[in-house]
Structures are given as structure tokens and as C-alpha cells.
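Here's the letter readout for the chains.
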Amino acid sequence: MLRNLARAARGARPPAALPRRRLSAKPPAKPTKAEPGERRRKMTREEVDALAAAAKAQQRLVDTESRLFGGGVGATHPFVLTLLAACVGLHFYNADLQTKREEEEELLERLRARRRARPLSADELDHALARKRRLLDIGEGDAADAARLSEEIARLEAERRNV
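This structure is a prediction, so every number in the text was calculated from the model and none was measured.

J.: Whenever I open this one, the overall build of the protein confuses me. Can you help?
T.: Tallying secondary structure elements over the protein gives five helices and zero strands in all. Counting from the amino terminus, the protein carries its helices and strands in the arrangement α-α-α-α-α. Going through the 163 residues of the protein one by one, you find that 6% of them count as buried. In the protein, of all internal contacts separated by at least 6 residues, the share reaching a separation of at least 24 is 39%. Summing over all exposed atoms, the protein offers an accessible surface of approximately 15,200 Å²; the carbon and sulfur share of this is 57%.

J.: Help me understand the confidence of the model for the protein, please; the structure alone is not making it clear to me.
T.: Reading predicted coordinates in detail is not appropriate for stretches of low pLDDT. Chain-level pLDDT for the protein is 80 on average; 72% of the residues reach the 70-or-more range. The element-level mean pLDDT for the protein is lowest in helix α1 (residues 2–10), coming to 58, with helix α3 (residues 78–117) highest at 92.

J.: Help me understand a negative patch on the surface, please; the structure alone is not making it clear to me.
T.: A surface patch of negative charge is lined by Glu102, Glu103, Glu104, Glu105 and Glu106. With respect to the helices, strands and loops of the structure, Glu106 is situated in helix α3.

J.: Which parts of the structure should I look at to understand the pattern of salt bridges?
T.: Two side chains that carry opposite charge are able to pair once their charged atoms sit near each other. In the structure shown here, the tally under the stated rule is eight salt bridges. Across the salt bridge formed by Asp126 and Arg160, the nearest N and O atoms sit 3.4 Å from each other. Placement of Asp126 in helix α4 (residues 122–138) and of Arg160 in helix α5 (residues 143–162) is noted, with a sequence separation of 34 residues between them. Here Arg133 and Glu157 are joined by a salt bridge, their closest N and O atoms 2.2 Å apart. With Arg133 in helix α4 and Glu157 in helix α5, this residue pair connects regions lying 24 residues apart in the sequence. Using a relative accessible area of 27% as the deciding quantity, one classes Glu157 as partly exposed. Among the ionic contacts, a cluster of salt bridges with common partners joins Lys132, Asp145, Arg148 and Glu152.

J.: How should I be thinking about α4 in this particular structure?
T.: Note: α-helices contain 3.6 residues per turn, so residues at a spacing of three or four share the same orientation. For α4, with 17 residues, the first-to-last C-alpha span of 24 Å sits near the 24 Å given by 1.5 Å per residue. For α4, the set of buried residues is Leu125, Ala128, Leu129 and Lys132. Each buried residue of α4 sits inside an arc of 100 degrees when the element is viewed along its axis, so together they form one side. Along α4, exposed side chains directed more than 90 degrees from the buried face belong to Asp123, His127, Asp137 and Ile138. At its buried positions, α4 is contacted by α5. In the segment just after α4, Gly139 is the residue with positive phi, at about 80 degrees.

J.: Before we go on, may I ask you to explain a positive patch on the surface in this structure?
T.: Where like charges cluster on the molecular surface, the positive patch consists of Arg112, Arg115, Arg116, Arg131 and Arg134. Of all the elements in the fold, those that place two or more residues in the positive patch are α3 and α4. Sorting elements by how many residues they give to the positive patch places α3 first, with three residues.

J.: What should I look at first to understand the packing of α4 against α5 in this one?
T.: When two helices pack together, their arrangement is given by the angle between the helix axes and by the axis-to-axis distance. The geometry of α4 relative to α5 is characterised by a closest axis approach of 10 Å and an angle of 155 degrees between their N-to-C directions. Classified by the angle between their axes, α4 and α5 sit roughly antiparallel to one another. Both α4 and α5 take part in a crossing whose hand is left-handed. Between α4, through Leu125, Asp126, Ala128, Leu129, Lys132, Arg133, Leu135 and Leu136, and α5, the contact on the second element is made entirely by Ala146, Leu149, Ser150, Glu152, Ile153, Leu156, Glu157, Glu159 and Arg160. Per-class residue counts for the contact of α4 with α5 are nine nonpolar, one polar and seven charged.

Conventions adopted
Residues numbered from 1 in each chain as written. Predicted model: local features only at pLDDT ≥ 70, side-chain atom pairs only at ≥ 80, totals over all residues. Heavy atoms only, no water. Helix = DSSP H or I, 4+ residues; strand = E, 2+ residues; numbered from the N terminus. Buried < 20%, exposed > 50% of the residue type's maximum accessible area, 1.4 Å probe, protein only. Contact = heavy atoms within 4.5 Å. Areas by Shrake-Rupley, 256 points an atom, 1.4 Å probe, with all protein chains shown as cover. pLDDT = per-residue confidence, 0-100. Patch = residues over 30% accessible without salt bridge, like charges linked within 9 Å, V, L, I, M, F, W, Y side chains within 5 Å. Salt bridge = Lys/Arg side-chain N within 4 Å of Asp/Glu carboxyl O. Lys, Arg positive; Asp, Glu negative; His and termini not counted. Charge placed at Lys NZ, Arg CZ, Asp CG, Glu CD. Expected span 1.5 Å × (residues − 1). Arc of directions from axis to C-beta. Axes fitted to C-alpha atoms, helices over the stretch in contact; angles between N-to-C directions. Parallel < 35°, antiparallel > 145°, perpendicular 65-115°, else oblique. Left-handed = near helix turned anticlockwise from the far one by under 90°. Nonpolar A, V, L, I, M, F, W, Y, C, P; charged D, E, K, R; others polar.

Structure follows, in C-alpha cells:
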């Protein structure tokens, strides 16, 4: 196998094409070159023009491909710098949104804790009950919202009985 690879690397014909040499046989004769009278036929002008057009089209395709996929695009290319700026901008935008969301959640939690800590007056209880019943009657939201409103109404009514 290594011998076949060595022949292929040297440009020799494949082993199947070489005639097998026997002990009593002479080495195979080398192929002769073309006769001096046999020259390549000359190409017509149309064939030359067609080959030139095909070569130009192929070169345009190679040039376009190199421009699109790595030809001259380095770390300082405007597209790379624009992409980097967009990524950094999105990072800070998302971080700002996350910070605002966390601040809103903290504020809501503090308001809920303050509401739980201070008992509501009779007027505040009546107002809250009326608002919750109105929301339940409107019926906006899904079943989970309706169940939550019903629980809050029951809790407020129990708190009103205790006042």
C-alpha cells in the first residue's frame, strides 16, 4: 500500500495500469511522445472568447466569495466594529431592564409588606371589597385570576367581620 502511495505521489500511473513484470520478461516500453507532425489543433476565435468569458465569470465568483466570506474582514473592519457596538449596546440595555425589573419587584414587595403590617380601616375595607367584586364581575383574566380575586374577597370579608 505504501508503494502505491509513493507511486501516486511521484505521478506514476496507477498500479492496475502497469503491466506486471515477470522474471523472464523485459521491462515495459515507455510510451512514445506524439509525432512531430501531430500538433494540437488550433482553437477558433469563438472558442477562445468562450473560454475567456468562462474564466472571467469564475474569477468574479471567487472574488465575490472572498469578499463575503473572509476576504479582507479583520478586527478593525467596520462591520465587525458595528457588530461589537450592537452587542455591547444590547448588553447594557438588557442589564438596565433587569435592574428596573428588580427595583419594581422590591417596591411591590415593600408595598405589600406595608399593607399587611397596617390593618385597613372600615372605609378602606369596603372600598377594597367593592373594587375586587367589580373586577370579578367584569370577568377579565383567566380562571387563576378569578380564583385569586375570590380568595382576596373572602380574606377581606373575614377581616371586616373582625373589625
